[in-house]
2 protein chains.
Amino acid sequence: MDSSESFLADAEQCLGPRGLTRDHELMEPWLTDWRGRYSGRACAMASPGTTEEVAELVKICARHGVPIVPQGGNSGMVGGATPDESGTALLLSLRRMNAIRKIDANARTATCEAGVILQTFHDAVAEERMRFPLTLGGKGSATIGGLISTNAGGTQVLRHGSMRAQVLGLEAVLADGSIFSALTPLKKDNRGFDLKQLMIGSEGTLGIVTAATLRIVPEITDRIVIWAGLGSIASARELLLHCETSAGDALEGFEVMPRQCLEAVLDHLPDARAPLAGDHEWHALIEVVGDRAEDDDLRERAETMMAEAFEDELLDDAVLAANETQAETFWLMRDSIAPAERERGPAMQHDISVSVERMPAFVDAAVDRIEADWPGTTAVAFGHLGDGNVHFHVIAPSGSTPGVWEDSDGRKISAQIYEMVCEWGGSISAEHGIGQNKRAELERLGDPVALALMRRVKQALDPEGILNPGKLV
Amino acid sequence: MDSSESFLADAEQCLGPRGLTRDHELMEPWLTDWRGRYSGRACAMASPGTTEEVAELVKICARHGVPIVPQGGNSGMVGGATPDESGTALLLSLRRMNAIRKIDANARTATCEAGVILQTFHDAVAEERMRFPLTLGGKGSATIGGLISTNAGGTQVLRHGSMRAQVLGLEAVLADGSIFSALTPLKKDNRGFDLKQLMIGSEGTLGIVTAATLRIVPEITDRIVIWAGLGSIASARELLLHCETSAGDALEGFEVMPRQCLEAVLDHLPDARAPLAGDHEWHALIEVVGDRAEDDDLRERAETMMAEAFEDELLDDAVLAANETQAETFWLMRDSIAPAERERGPAMQHDISVSVERMPAFVDAAVDRIEADWPGTTAVAFGHLGDGNVHFHVIAPSGSTPGVWEDSDGRKISAQIYEMVCEWGGSISAEHGIGQNKRAELERLGDPVALALMRRVKQALDPEGILNPGKLV
C-alpha cells in the first residue's frame, strides 16, 4: 500500500463510504470552476457530514501531508476552490453539512452549517418573516461557507455591508484539526484578537469554515425601485449623496450603468423595454425599502426625494416602478448586464474598487485611457457605485478571436487597469477575492508590508501549507 | 556607555529633545493607570510627532531589544498601557500625534492621528454638521488610537457598533518598524486577510496604531429620551424587542439599571429626583434619534411606541423627557451610577457579556447566587442590555475593609462570576479588554484553541515580544 492508498484508507475509515469518493464522474463537475477557466485533479472528494468529521479528516491529511481544497457551491470567480493539476490534493466538499441549526427572530440571528445554499437560507429565514440582507447572482449555488470564506458582497452592501458584517459567530477547523468554536453571538467581546475576522475572507487558506451564526433583519414591508437617467457618472455620485441624505438607512441599493450596458441588455432580453424615453449617457437603479410598520409613506418619501433631485438638476429623468412586477423587471435588467455583455464577444472583466468619491473620475479616466490605448475596444463600468465598486469590462475589438485575444491584448489590458487602480489607491479585487486568478497580480502590485504580514499569518496558522495551497498568498 | 544609555542616545537622536524625556515628574502621571491599580516604571517616555518617527523609534527599540508600551489617554480600565516595574520598557505616548487630517462630510469619513482625544474629535466633526457615533465616559481623555487598540464600546453600540465598526482605514507601525498603511477607505476590498481587523482590539501587542480613517454619520436632528419603570429585567428585554421592532434603526440606546442603582444615584446627586413616581424594581433608559429631515414626527412615534408597550403590559410606567435639559438629566443619572456605587464602599466590578436573549436569566441567576454564597454582599447589574453587556458590581458587606476585602473575598467572587459567565457562553471582558488585569483569568478560562491561535499570531507578528509585553497574551 503506497502512501496515497494509506491516506485514502484512513480517510475512508473516518468518513465511511458515503463521505469519500474516487469516482471520476462524481468528482468531475467539481474539478472545474464554474467560469470554466480552471481545471484540476484530486486524489478523492470528501463530503463530511459533521464538524467533528472535518476535524478528524484534517488531522489525517496533516499526518499524510495531503493538501486540502475546501469547496462550497463551486461558484467562485477566481478559481479559489479548484485544485491544481497534480492530483495530490483532497477536494473537501462542505455541501453535505447543510443544516440550518436555529433561526431566532427575536435575537435576529440564525445559525447554519457551511454547506447551506444561500437561496435555501433566504427561504428559511423568510418563513420567520425575517430576511438575510445579502444576495448575489449565484445565490442558487453559493454556500454560506463559501460566502464567508470569500467575504462576498452583492447588491445590498450599501446599507448592510458585506459578508463580514453579517457574521456574528463562527466555527472553523484549523490546519492541525483543532476546532475553533465561536458560534455564540456576543455583541461585545474583547477577549483579545478577533480571530473570526481572520477566517472571513481568507479563502480557506487559514481554516475551513464549518458553521456560522449570521445576522438577520426584519423582512421589508415595502420597497420602491427607481430608474433614473443621468448625463454622467459624476451626476450619479451627486444623486447618490442626495439619496443618502434624504432616505438615510432606507437606501438599500444604488447601481449604475452606462448607456452601452442598457443597450446590450435590451438586445439580450427580448421583451425588455427601456425604462425611460430619450437617450441618457448613464442610468442609476435605486432601491429604498421600508422595514417598519411606520414606513407606510415610503412611496411618498421616495417621490419627494426624486422631485428634489430633479429640481437640483441631479438627473435628466426618473421613474418609480409602479408595482412589484416592474420593480423586478428593473432588477432583472441590472442582473442581465453580465450575460448580455458576454454575447458581445471576448471581454476582460475586472472587479475593482476605489474610494466612492473618486469613482466617477476614475471611471471617466480609465475608460478614456483604455479605449485610446487599445483602438477598437469598448470599456464599460457598471455596478455598485454606492460601494465604490464597479465591474470594469473591456470588450474586444470586433473580429477578435475568442480564446486568443484574452491571452494576448486582454492580459495586457488587465495589467494596465490594475496598475491604474493601484495608482488611485483602490483594490484589484473588490468582491471576488484572489484565488488562483489574481495571485500573481497581488504579488506584483500589493503593498509589500501587507503581503509580508499575510505570509507570516499564513505560516503561523498553517505551517505545513496544507490548506488550499496555491491560492491567495 | 552601557546598553541602556546607548539606546537612549539613539532614541533621542531620532526624536529630538522634545520627543524624549527621562524627567520623572513629566513621566510620573503616565506610569499609573487611572484607576490607580497598576504602577510601573519606564526607562524614558517617547512622544513622537509623526508616523515615520514612530517607525524609526520601533526599529531602534527592536535593535536594542527594548520593550515598548504604547499609550494614548491612559484611561484604560485594565492596566493595558502601564509598564511593568522593571523599568526596562519605553513608554510610547501617541498624544503628540493629534492632527485631524481630513473630515469629508460627503464621503462620511474622517482621518485623524492616534493621539486625537475623542471629545476633540466629536467637536471637530460637529462643526461639519456630522457626528462620530461612539461615545463613553472617558471621552475627555481617551484617544482615537487607544479606542481602536481596545475596540472600545460605549452607549451607542446598539445601533452603531463598537470601535471596530467605525474603523474604515488604518495605519500602524509593526514590530519590525515597517508601516502598515491602509488609510484609504475602500468599502469593498478582498485582497486577502483583513489585516486591520487584527490590529483593532489587539491592545498594542501586534502593532502601534498611528492613524485611522473613521466612519462619521449625519448629525441628529432630534432625540427623544425615555425613562421607563419595570418589574423585572425580563420585562426590560421584552420592552427592548418591542422598541427594536417599532423604532428600527432610530433606536440608539437602551440601558437598564436595578432599583438599587437608582437609589445610589439619588443619594449621590444632590439635586436629582426620581424620574417616575412609585417604586420600580428595574429602570430602562431609552433613546431614539432622528437624523433625517423627515424625522419631524419623532416624538409622536416615540409616544406611540411607548403607549403600545404599556398596552402590552411591558412596563409599569414611563416618561418622555420634556426637553433637552431633562434628557441630559436622565443621561447624567445613568452616567452617575459608577461614581455613586463607589461611595457605597469596596466593590468588585465586572464588565461581562452573554448573548442578549440570555442576559435577563443570567442576571437573575448570578445576583441570587452571589448574594446567597457571600452573605452581606449586594450584587447589581446595569448598563447596555441591548448589547448583552452589563457591568456586574458586587458591593462588599458593610464594615468590610477597603483594600483588604478586594484581595480576599472580592477576588474569589470575581473568579466565581467569570466561571458563571463562561458556563453561559459569555465573555469575561465585553468592553474593557484584557490588559494586565484579566490576563490570568483569560489563561484560566479561555478556549485553549483560541488562546493557542492568539499566541501563534503574536509570535508571527512580534517574534521578539517587544510590543506591550505582559499584556493580553
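Only a predicted model underlies this, so the values are computations on that prediction, with no experimental measurement involved.

> What's the story with the overall build of chain A in this structure? I'm lost.
Of the regular secondary structure elements, chain A holds 17 helices and 18 strands. On C-alpha atoms alone, chain A measures out to a radius of gyration of 23 Å, which is about the 23 Å that the 2.2 N^0.38 rule sets for 473 residues. Taking the principal axes of its C-alpha atoms as reference, chain A extends roughly 75 × 55 × 45 Å. Of all 473 residues assigned to chain A, the portion counted as buried reaches 60%. A total accessible area of about 18,000 Å² is found for chain A, and carbon and sulfur atoms account for 48% of it.

> Can you walk me through the packing of aromatic side chains in this structure?
By convention here, two paired aromatic rings are described through the distance between centres and the angle between planes. Residues and elements named next belong to chain A. Throughout the structure, instances matching the rule amount to eight aromatic pairs over all chains. Look at F362 and W424: their rings are 5.4 Å apart centre to centre, the planes differ by 80 degrees, and that puts the pair in the edge-to-face class. A residue pair is termed long-range when its members are at least 10 positions apart, and F362 in helix α14 (residues 359–373) and W424 in the loop between α15 (406–423) and α16 (439–445) qualify at 62 residues. Neither residue differs from the other here; F362 and W424 are each classed as buried. Taken together, the aromatic side chains of F362, F392 and W424 make up a single cluster linked through ring pairs. In this structure, R95 packs its charged tip against the face of W30, placed 3.2 Å from the ring centre.

> Would you mind showing me how to read the relation of the copies chain A and chain B here?
Think of it as a corkscrew move, a rotation about one axis and a shift along it, taking one chain copy to the other. Each copy superposes on the other: chain A lies on chain B with an RMSD of 0.0 Å after a rotation of 180 degrees and an axial shift of 0.0 Å. Seen this way, the second copy is the image of the first under a two-fold rotation axis. The fraction of interface residues of chain A whose copies in chain B are also interface residues reaches 98%, indicating that both copies meet through the same surface.

> Please clarify how unusual backbone geometry should be interpreted in this entry.
Backbone geometry follows two general trends: most residues other than glycine have a negative phi, and most peptide bonds adopt the trans configuration. Residue and element names in this part refer to chain B. The backbone phi angle of R108 is positive, close to 60 degrees, even though this residue is not glycine. By the element assignment, R108 lies in the loop between β5 (100–104) and β6 (109–113). Phi at L472 is positive, roughly 60 degrees, even though this residue is not glycine. By secondary structure assignment, the location of L472 is in the segment after α17 (448–461).

> Which parts of the structure should I look at to understand the environment of A:A381?
All names here are of chain A. Mapping A381 onto the fold places it in strand β17 (residues 378–384). The buried category is assigned to A381, whose relative accessible area is 1%. When the C-alpha positions of A381 and V256 are compared, they lie 8.4 Å apart, and in sequence the two are 125 residues distant. If we skip the residues at most four places from it in the chain, A381 touches M257, P258, W282, V363, V390, H391 and F392.

> Help me understand the interface of chain A and chain B in this model?
Contacts between chain A and chain B engage 80 residues on the former and 78 residues on the latter. Interface area for chain A against chain B, summed over the two sides, is near 6,300 Å², with a carbon-plus-sulfur share of 57%. Among the residues chain A hides against chain B, the three largest losses belong to A:K188, A:N190 and A:F193. Together they make up 16% of the total. Counting across the chain A and chain B interface gives eight salt bridges. The closest approach of N and O atoms between A:D249 and B:R159, which form a salt bridge, is 3.3 Å. Inspection of the chain A/chain B interface yields 32 residue pairs in polar contact (both at pLDDT 80 or more). Elements that contribute at least two residues to the side of chain A that touches chain B include exactly α6 (157–160), β9 (179–182), α8 (195–199), α9 (233–247) and α17 (448–461) of chain A. Here the element with the most residues in the side of chain A that touches chain B is α17(A); it accounts for nine residues. Split into classes, the residues belonging to the side of chain A that touches chain B amount to 30 nonpolar, 27 polar and 23 charged.

> Can you help me understand the environment of B:D104 in this one?
For B:D104, the location among the structural elements is in strand β5. Expressed as a C-alpha distance, the spacing of B:D104 and B:E128, which sit 24 residues apart in the sequence, is 8.5 Å. If we skip the residues at most four places from it in the chain, B:D104 touches A:E357, B:T109 and B:I216. From its side chain, B:D104 meets the backbone nitrogen of B:A107 in a polar contact 2.9 Å long.

> So what exactly am I meant to see when it comes to the sheet that holds strand β9 (residues 179–182) of chain B here?
For sheets, the rule is that strands pair by backbone hydrogen bonds, running either parallel or antiparallel. Residues and elements named next belong to chain B. One open sheet accounts for five strands, arranged β5-β6-β10-β8-β9; its pairing is antiparallel. Of all strands in the sheet, those with a lone pairing partner are β5 and β9, marking the two edges. Taken over all neighbouring pairs, the strand axes of this sheet differ in orientation by 15 degrees on average, direction set aside. Sheet analysis places β6 next to strand β10 (residues 208–215), joined by five bridges and oriented antiparallel. By the bridge assignment, E113 is partnered in β10 with A211.

> Explain the domain arrangement of chain A to me, please; I cannot follow it from the model alone.
Residues and elements named next belong to chain A. Per the domain assignment, the segments making up chain A are domain 1 (3–93), domain 2 (100–218), domain 3 (222–338) and domain 4 (345–428). Contact with domain 3, which involves 15 residues of that partner, is made by 14 residues of domain 4. Between domain 3 and domain 4 lies a buried interface of about 1,200 Å² when both sides are counted; carbon and sulfur atoms form 71% of it. Along the contact surface separating domain 3 from domain 4 lie zero salt bridges. Seen at the junction of domain 3 and domain 4, the total is two residue pairs in polar contact (both at pLDDT 80 or more). Within the side of domain 3 that touches domain 4, the residues separate by chemical class into eleven nonpolar, one polar and three charged.

> What is the right way to read the environment of B:A250 from this model?
Residue and element names in this part refer to chain B. Note on placement: A250 falls in the loop between α9 (233–247) and β13 (251–258). Accessibility expressed as a relative area gives 8% for A250, which makes it buried. Along the backbone, A250 and W331 are 81 residues apart, and their C-alpha atoms lie at a distance of 18 Å. Those residues in contact with A250 that lie beyond four places of it in its chain are E287, V288, V289 and R301.

> Would you mind going over a negative patch on the surface with me for this structure?
The grouping of A:E308, A:E311, A:D312 and A:E313 at the surface amounts to a negative patch. As for its position among the elements, A:E308 is in helix α11 (residues 298–311).

> Sorry, what's going on with the pairing of strand β14 (residues 282–290) of chain B here?
Consecutive residues of a regular strand have side chains that alternate between opposite faces of the sheet. Residues and elements named next belong to chain B. Within β14, nine of the nine residues are buried, which leaves it mostly tucked inside the rest of the structure. Neither face of β14 is exposed, since W282, A284, I286, V288 and G290 on one face and H283, L285, E287 and V289 on the opposite face are all buried. The pairing of strand β12 (residues 222–230) with β14 spans nine bridges and is antiparallel. Across the sheet, L230 pairs through a bridge with W282, a residue of β14.

> Mind showing me how you'd approach the UniProt feature "domain: FAD-binding PCMH-type" (unreviewed entry) in chain A here?
UniProt's feature table lists "domain: FAD-binding PCMH-type" (unreviewed entry) at residues 38–219 of chain A, given in the numbering used throughout. Taken end to end, residues 38–219 of chain A is 24% helix and 24% strand, and its two terminal C-alpha atoms sit 39 Å from one another.

> Would you mind showing me how to read the pairing of strand β4 (residues 90–93) of chain B here?
All names here are of chain B. Going residue by residue along β4, you find L90 and L92 tucked away on one face and L91 and S93 tucked away on the opposite face as well. Pairing analysis gives three bridges linking strand β2 (residues 44–46) to β4, with the strands arranged parallel. From the neighbouring strand, M45 faces β4, where its bridge partner is L91. Pairing of strand β3 (residues 68–71) with β4 involves four bridges; the strand directions are parallel.

Conventions adopted
Residues numbered from 1 in each chain as written. Chains lettered and ligands numbered in written order. Predicted model: local features only at pLDDT ≥ 70, side-chain atom pairs only at ≥ 80, totals over all residues. Heavy atoms only, no water. Helix = DSSP H or I, 4+ residues; strand = E, 2+ residues; numbered from the N terminus. Rg over C-alpha atoms; globule rule 2.2 N^0.38 Å. Buried < 20%, exposed > 50% of the residue type's maximum accessible area, 1.4 Å probe, protein only. Areas by Shrake-Rupley, 256 points an atom, 1.4 Å probe, with all protein chains shown as cover. Phe/Tyr/Trp six-rings, centres within 6.5 Å; stacked < 30°, edge-to-face > 60°. Lys NZ or Arg CZ within 6 Å of the ring centre and 35° of its normal. Least-squares fit on C-alpha atoms with pLDDT ≥ 70 in both. Contact = heavy atoms within 4.5 Å. Buried area = accessible area lost by both parts, 1.4 Å probe. Salt bridge = Lys/Arg side-chain N within 4 Å of Asp/Glu carboxyl O. Polar contact = N/O pair within 3.5 Å; in protein donor to acceptor, adjacent residues only side chain to side chain. Nonpolar A, V, L, I, M, F, W, Y, C, P; charged D, E, K, R; others polar. Pairing = 2+ DSSP bridges. Axes fitted to C-alpha atoms, helices over the stretch in contact; angles between N-to-C directions. Domains from an automatic or database assignment. Patch = residues over 30% accessible without salt bridge, like charges linked within 9 Å, V, L, I, M, F, W, Y side chains within 5 Å. Lys, Arg positive; Asp, Glu negative; His and termini not counted. Charge placed at Lys NZ, Arg CZ, Asp CG, Glu CD. UniProt positions renumbered as here; feature names shortened; annotations may be inferred.

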